[in-house]
Amino acid sequence: DATILTKAFNVVSTVASGAGVVLPTADAGMRVTIVNTSANTVIVYPATGVAINSLATNAGVSLPTVGRLDYIATSTTQWYAMGAIYV
């Protein structure tokens, strides 16, 4: 039930409770920004076989309402969340 992201800058304005988005296939140096303007927390998942921060492979990260996170890929199997802003 997660929407696959295809852009570098993404605004999530509607998301069902417990639903999320999937980061694009990672490529070293790639940057993706996600802004959550919806009424619910959005779960950000990596593509299959990839990790975010030190989480398990395929595990999602919660992005609360009115939050923004930048995701930076350091390889084809690793994303790091940076620059969190929560209003």
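Computed from a prediction, not measured in an experiment: that's the story for all the values here.

Caption draft 1: Quick look at the pattern of salt bridges. Following the criterion strictly, the structure yields two salt bridges and no others. Residues Arg31 and Asp70 are paired through a salt bridge, measuring 2.8 Å at the closest nitrogen-oxygen approach. Of this pair, Arg31 sits in strand E4 (residues 31-36) while Asp70 is found in strand E8 (residues 67-75), placing the two residues 39 residues apart along the sequence. Since its relative accessible area comes to 49%, Arg31 is described here as partly exposed. Of the residues examined, Asp70 reaches a relative accessible area of 5% and is grouped as buried.

So, how was this worked out
- Residues numbered from 1 in each chain as written.
- Predicted model: local features only at pLDDT ≥ 70, side-chain atom pairs only at ≥ 80, totals over all residues.
- Heavy atoms only, no water.
- Salt bridge = Lys/Arg side-chain N within 4 Å of Asp/Glu carboxyl O.
- Helix = DSSP H or I, 4+ residues; strand = E, 2+ residues; numbered from the N terminus.
- Buried < 20%, exposed > 50% of the residue type's maximum accessible area, 1.4 Å probe, protein only.

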